[in-house]
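Inside the fold
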Amino acid sequence: MFANPNPNMANGLEYIPVPFFTDNYAWVITDGSYAVVVDPGHAEPVISYCHSRKLIVTAVLLTHHHADHVGGVEDLLRFCGRKGASVFGPALERIGTVTCRAGEGFEVRLNEPKFVAHVIATPGHTAGHISYYQLPEQGCPGHLFPGDTLFASGCGRLLEGTAEEMLESLDTLAELPPSTLVFPAHEYTLSNLEFAKVCEPSNLQVRSWYDSAGALREAGKPTLPTTIGHERNVNPFLRVQEAEVRDVLVERFGVPVPHRLAAFILLRAWKDLFQGEFRELAEKWAPGFLN
Ligand SMILES: [Zn+2]
């Protein structure tokens, strides 16, 4: 069962979220004949989708080395058959299936489908994490695939990089044009917004987005893509300069928050605990419910 075909079409390309595991998306970018797949952590649903539309996969784009992003590549390559597919991945990470190692400034250029993306180094979640950015052209907005760096109303955990690196990565992405469509690798929007509501209680856009995102999920639809402009208004990790965010942090933790980095560190640490507390409580009330 796939999510509804994504209505976003630009320059003759469709951007389709293929869900797998609990909350992952592989993004299939296709002109109707050829396809590029971003972060296929699990092959079967991607193969099944491409097979149903008779799509020929010519390239795979990987943002970082985690298994839920790269785990399906080998099986997907087998599906590609003799002609195979190019596999682009971060230059600073070791991923066995990668054939083109891409770092900051690298350009992915394909003819089938016609597709060009610039690589932006976005360390923080992992040390070598990269994002792929299709520039805007002829009235069509840019398209960003930030993997586990930027989520709708959230950001990735700091598993390998430093808080400084992650904040810089997020700042870089936040500077892209506001109309840029953002295609993260996870459907975390609602749980991120639960947290955003606590960080910035008077942000009305967060509240109304929570309601509309909830309605989308209830209808079985993805909440993605989001846009950079929207994230700048509702994502607490892109709003560490806001007085209310800092006031909430000062009140909650009783420590001074002298600069953006301090706010970001507290916010990221709090978010990790926030999720932990929720899981703990849910598990207490209904053992095994979350497994
Ligand atoms: Zn990850």
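So, how was this worked out
Residues numbered from 1 in each chain as written. Predicted model: local features only at pLDDT ≥ 70, side-chain atom pairs only at ≥ 80, totals over all residues. Heavy atoms only, no water. UniProt positions renumbered as here; feature names shortened; annotations may be inferred. Helix = DSSP H or I, 4+ residues; strand = E, 2+ residues; numbered from the N terminus. Polar contact = N/O pair within 3.5 Å; in protein donor to acceptor, adjacent residues only side chain to side chain. Core = buried A, V, L, I, M, F, W, Y, C linked by side-chain atoms within 4.5 Å. Buried < 20%, exposed > 50% of the residue type's maximum accessible area, 1.4 Å probe, protein only. Contact = heavy atoms within 4.5 Å.

Per an unreviewed UniProt entry, the chain carries the name Hydroxyacylglutathione hydrolase and comes from Caballeronia novacaledonica. Here the chain is described in UniProt, under the heading Function (unreviewed entry), as follows: "Thiolesterase that catalyzes the hydrolysis of S-D-lactoyl-glutathione to form glutathione and D-lactic acid."

1. Describing the side chain of N24
Its place among the elements puts N24 in strand 3 (residues 24-30). A distance of 3.1 Å separates a polar atom in the side chain of N24 from a polar atom in the side chain of D68.

2. Some thoughts on the nonpolar core
Judged by nonpolar contacts, the single largest core of 30 residues is most densely connected at L170, L249, F264, L267 and W270. At the level of elements, helix 4 (163-174), helix 5 (189-199), helix 8 (243-253) and helix 9 (260-285) are the ones that each hand at least two residues to this core. Examining the composition of this core, we find that 7 residues originate from one element, helix 9, more than from any other. Not counting residues up to four positions away in its chain, the partners in contact with L267 are F195, C199, P236, F237, V240, V245 and L249. Y25, L110, V119 and I130 belong to the second largest nonpolar core, which has 23 residues in total.

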